[in-house]
Amino acid sequence: MALITLPASLTRVMQQVNAPFADTFRALRGITPQEIGLLLKSIAAKRRPKRVPPINSDFFDILGELSPEERLIQQKIRSYMEEKIRPLANSYWERGEFPHEIVPSFARLVAETFGTRPYAIDALGPVLTGVACMELARVDPSIYTFFGVHWGLCMGSIDLFGSAEQKQRWLPPMQRFELIGSWALTEPDVGSATAAGLTTTARFERGYWVLNGAKKWSGNAPIADLNIIWARDVSNNQVQGFIVERGTPGYEVERLEGKIALRTVQNANIRLVNCRVPEANRLPNVGGFRGIARQLAITRAAVAWAMTGVAMGAYEKALAYAQQRIQFGRPIGGFQLVQNSLVQMLANVTAMQTMCLRMSQIAARNGNISHEHASLAKVFCGEKMRETVALARAVFGGNGILLEHEVARYFADAEALYSYEGTHEMNTLIVGRAITGMSAFV
Ligand SMILES: Cc1cc2nc3c(=O)[nH]c(=O)nc-3n(C[C@H](O)[C@H](O)[C@H](O)COP(=O)(O)OP(=O)(O)OC[C@H]3O[C@@H](n4cnc5c(N)ncnc54)[C@H](O)[C@@H]3O)c2cc1C
């Protein structure tokens, strides 16, 4: 930091500061406003920290739980997101477009992460999968969501419920991102209540399934090559899943416009009008809505980790800003109220990380994730994420609503994560049912 040289008149005033007031006032006579400005700058310079501590959003060292190999993967994902995605994130978000240009490099990142492992929804194990989702969302919740729908929901459905032939046909090209996947459960009139009754129907006729109905929100659908469509089999009311390929007659995709969150993610309204799907494209091992719920527990756990990443990203941006934004002659990070906000954010982030880590460690030990654990983590992390992004936005003052400072993007995107993969309320009720033995929603 450059030192400010004070004129002799000001040095005299500085020496008088401890003297009686009359002496000080005498010394102040004849000093110009410019010199007073210099004096204030010099006082402010003394108040700035001599060494700015590094920004660390992993205060309790949860990453220390990773093996050296896992740590390398985490670092690779972090570098990729910082170098390749952060510079593009705002402009694609603002335009509401998907960055097709990143798909080849993203595919390489995923290939390097997976190494020689064939795809399976849990191939990386719950902890590393969670950390990977956290790292994606820490920089861009939209890219995390693109990945979550393709990898966890679409490929996950084929992995969990598909036949050997279906897995062989679809998973390898999807793993290489040569084909992009989508997933459609929610309907315009049935959101939280999908377990109680989808209205989209599937009727078996002469070797084909005929689908009719409508879907809403389906992630990636406008850019996807295939979509998993969930429908009610009219013969027995069981939920069935179908792989519907782009271009199938009767499968109509309309991009959803006007989103104020995750604008980079392409969502769609879908109409199914006598859409004929071969039996070979029906997922044979769903086993009713229980199967979907099992899959959603896995992906919900990932969302809790992603929420943690969103909060980390917002906290890091807020701390960096607080260290360099000067008001009243000093960095705002030196004010008690701002420090209180920063510490609250860090406490939230740390609580979210430790809860997610423990959830995933138990899942790794038990070989599966419990619905209640995933729902509790989503409920808690959703609340803390929202609080954290709001505190972070406020630290930026007016700049907090400008996209260029990024925190506005986290603030807006948090709203989507809060509501998708089961709303905050529905996940609360899942935990409520588990601890009381009574269902409050069906
Ligand atoms: C950005 C984004 C991406 C999405 N991507 C996909 C996707 O790829 N595929 C897909 O299928 N869906 C997707 N969804 C849909 C998402 O899963 C639904 O929005 C969610 O399940 C809630 O349904 P809903 O919006 O219809 O709300 P509703 O079910 O209409 O709920 C409205 C409100 O009522 C509350 N509520 C409802 N029932 C109860 C009850 N019994 N007790 C207490 N409160 C209740 C809810 O919690 C909520 O606050 C996406 C949503 C968003 C926002």
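In the block above lies the structure referred to throughout.
Given the structure is predicted, the values throughout are model-derived calculations rather than measurements. Residue numbering note: each chain is counted from 1, following its sequence as written. Residues qualify for local features only when their pLDDT is at least 70, as the model is predicted, and side-chain atom pairs are given and counted only at 80 or more; totals for whole chains, interfaces and linings, by contrast, use all residues.

Draft legend 1. Focus on the overall build of the chain. Under the scheme used here, helices are H or I runs from DSSP no shorter than 4 residues and strands are E runs no shorter than 2 residues, and both carry numbers assigned from the N terminus. In terms of regular secondary structure, the chain is built from 13 helices and 9 strands. Expressed along its principal axes, the backbone C-alpha trace of the chain runs to roughly 105 × 45 × 45 Å. Long-range contacts, defined here as pairs at least 24 residues apart, represent 75% of the contacts in the chain between residues at least 6 apart. Residue pairs qualify as contacts under a 7 Å threshold applied to their C-beta atoms, which are placed from the backbone.

Draft legend 2. Here's a closer look at the site of the ligand. Only the C-beta atom, placed from the backbone, is used; a residue is near a molecule or strand if that atom lies within 6 Å of it. Of all residues adjacent to the ligand, which total 20 residues, the nearest are G191, S192, G219, T423 and E425. Among the elements of the structure, β1 (181-184), β3 (208-219), α12 (407-419) and α13 (424-436) are those that each provide at least two residues to the shell around the ligand.

Draft legend 3. Representation of the nonpolar core. Working definition: the nonpolar core is a set of buried Ala, Val, Leu, Ile, Met, Phe, Trp, Tyr and Cys residues, joined through C-beta atoms within 7 Å. With C-beta atoms placed from the backbone, the exposure class of a residue follows from how many other C-beta atoms lie within 10 Å of its own: 20 or more, buried; 12 or fewer, exposed; in between, partly exposed. Core analysis: the biggest nonpolar cluster contains 117 residues, and A301, A306, V310 and A318 have the highest contact counts within it. It is helix α9 (residues 289-324) that provides the largest number of residues to this core, a total of 20 residues. Residue contacts for A301: discarding those within four places in its chain leaves P126, G130, M359, S360, A363, I369, A374 and A377.

Draft legend 4. How the structure looks around the packing of helix α4 (residues 68-95) against helix α5 (residues 103-114). The convention used is that axes are lines fitted to C-alpha atoms, helices contributing only their stretch in contact, and that angles between N-to-C directions extend from 0 to 180 degrees. Where α4 contacts α5, the axes come no closer than 10 Å and their chain directions differ by 170 degrees. Compared by their axis directions, α4 and α5 come out roughly antiparallel. Across from I73, K76, I77, Y80 and K84 in α4, the residues of α5 making contact are S105, L109, E112 and T113. Its residues placed into classes, the contact of α4 with α5 shows 4 nonpolar, 2 polar and 3 charged. Every angle not falling under 35 degrees, over 145, or within 65 to 115 is termed oblique; those three ranges are roughly parallel, roughly antiparallel and roughly perpendicular. Residue polarity follows a fixed list, in which Ala, Val, Leu, Ile, Met, Phe, Trp, Tyr, Cys and Pro are nonpolar, Asp, Glu, Lys and Arg are charged, and the others, Gly among them, are polar.

Draft legend 5. Geometry of the environment of I229. Tracing the chain through its elements places I229 in strand β4 (residues 226-233). Along the primary structure I229 and P68 are separated by 161 residues, whereas in three dimensions their C-alpha atoms are 40 Å apart. The residues touching I229, leaving out its near neighbours within four places in the chain, are A184, L211, K215, F242, V244 and L272.

Draft legend 6. Structural context of the pairing of strand β7 (residues 267-278). The sheet contact formed by β3 and β7 spans 9 bridges and is antiparallel. Within β7, the position partnered with Y208 by the bridge is P278. As defined by bridge partners, strand β6 (residues 251-255) adjoins β7 across 5 bridges and the pair is classed as antiparallel. Along β7, the bridge assignment pairs R255 with A268. A pair of strands is labelled paired if DSSP reports no fewer than 2 bridges between them.

Draft legend 7. Here's a closer look at the environment of G309. Mapped onto the secondary structure, G309 falls in helix α9. With 178 residues separating them in the primary sequence, G309 and V131 have C-alpha atoms 8.6 Å apart. Residues in contact with G309, not counting those within four places in the same chain, are C133, M134, E135, L136, A137, R138 and Y144.

Draft legend 8. Geometry of unusual backbone geometry. One non-glycine residue with positive phi stands out, namely R206, at about 45 degrees. Along the chain, R206 falls in the loop between β2 (201-205) and β3. One non-glycine residue, N237, adopts positive backbone phi at about 65 degrees.

Draft legend 9. Focus on helix α7 (residues 141-161). Bend at a given residue is defined as the angle between two axes, one fitted to the seven residues that end at that position and one fitted to the seven that begin there. By the largest-angle criterion, M155 marks the main kink of α7, which is about 35 degrees. Most of α7 sits out of view: 21 of its 21 residues are buried.

Draft legend 10. Spatial organisation of the packing of helix α11 (residues 371-395) against α12. One can describe the packing of α11 onto α12 by two numbers: an axis separation of 9 Å at closest approach and a directional angle of 160 degrees. Taken together, α11 and α12 sit at an angle that is classed as roughly antiparallel. You can see that α11 and α12 cross each other, and the crossing is left-handed. Of the residues in α12, those in contact with G382, M385, R386, V389, A390, A392 and R393 of α11 are V407, A408, Y410, F411, A414, L417 and Y418. Considered class by class, the residues forming the contact of α11 with α12 number 11 nonpolar, 1 polar and 2 charged. Each crossing is labelled by how the near helix is turned from the far one, with a counterclockwise turn of less than a right angle marking it left-handed and a clockwise turn marking it right-handed.

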